[in-house]
Amino acid sequence: MNDNDFYLKIMGIYFNEATEEMFFSFDTQNKLNRNINIQLGQWRIDDSIYNLSHEKPQYLEKFSVVRGFQKYVKRTYLEEWDKTTIEIKIFDAETNIIIRELEFQINKHYT
């Protein structure tokens, strides 16, 4: 997603077999004239649901540069995944008012 206010790109998804964590890497940029918080919500990976809304939000200053961050969920490496849905809310950092609610759907395709 890239518009006049915000940039968000999912850079990668990978497993750490040793810790059994599934990592999601993001690049973000706040193009607004106010500070924001990025709060991750409910994630659905096939039939498993993960609620990340209790985790500390990612803070971005106004007119920020592109910045990366990662989030992970505990999963067994051998668990299949074909469809992932990620909910993200963007809040004004001072007023805590929701600026945007986003939902991304990632479908695995074999090539």
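For clarity, every value in this text was computed on a predicted model and none was experimentally measured. (Residues numbered from 1 in each chain as written. Predicted model: local features only at pLDDT ≥ 70, side-chain atom pairs only at ≥ 80, totals over all residues. Heavy atoms only, no water.)

Q: Honestly, unusual backbone geometry in this entry has me stumped. Any pointers?
A: Excluding glycine, residues mostly carry a negative phi; peptide bonds, for their part, are mostly trans. Backbone geometry at F63 places phi at a positive 50 degrees, although glycine is not the residue there. For F63, the location among the structural elements is in the loop between β5 (58–60) and β6 (67–74). One non-glycine residue with positive phi stands out, namely N96, at about 65 degrees. Note that N96 resides in the loop between β7 (83–92) and β8 (98–107). According to the relative accessible area criterion, N96 is exposed, its value standing at 52%. (Helix = DSSP H or I, 4+ residues; strand = E, 2+ residues; numbered from the N terminus. Buried < 20%, exposed > 50% of the residue type's maximum accessible area, 1.4 Å probe, protein only.)

Q: Help me understand the sheet that holds strand β1 (residues 6–16), please; the structure alone is not making it clear to me.
A: Paired through backbone hydrogen bonds, the strands of a sheet run either parallel or antiparallel to each other. One open sheet accounts for three strands, arranged β1-β2-β6; its pairing is antiparallel. Each edge of the open sheet carries a strand with a single partner, namely β1 and β6. With direction set aside, neighbouring strand axes in the sheet form an average angle of 20 degrees. Pairing analysis gives eight bridges linking strand β2 (residues 21–30) to β6, with the strands arranged antiparallel. In the sheet register, F26 faces β6, and the bridge partner there is F69. (Pairing = 2+ DSSP bridges. Axes fitted to C-alpha atoms, helices over the stretch in contact; angles between N-to-C directions.)

The values are spatial; any link to function lies outside them.
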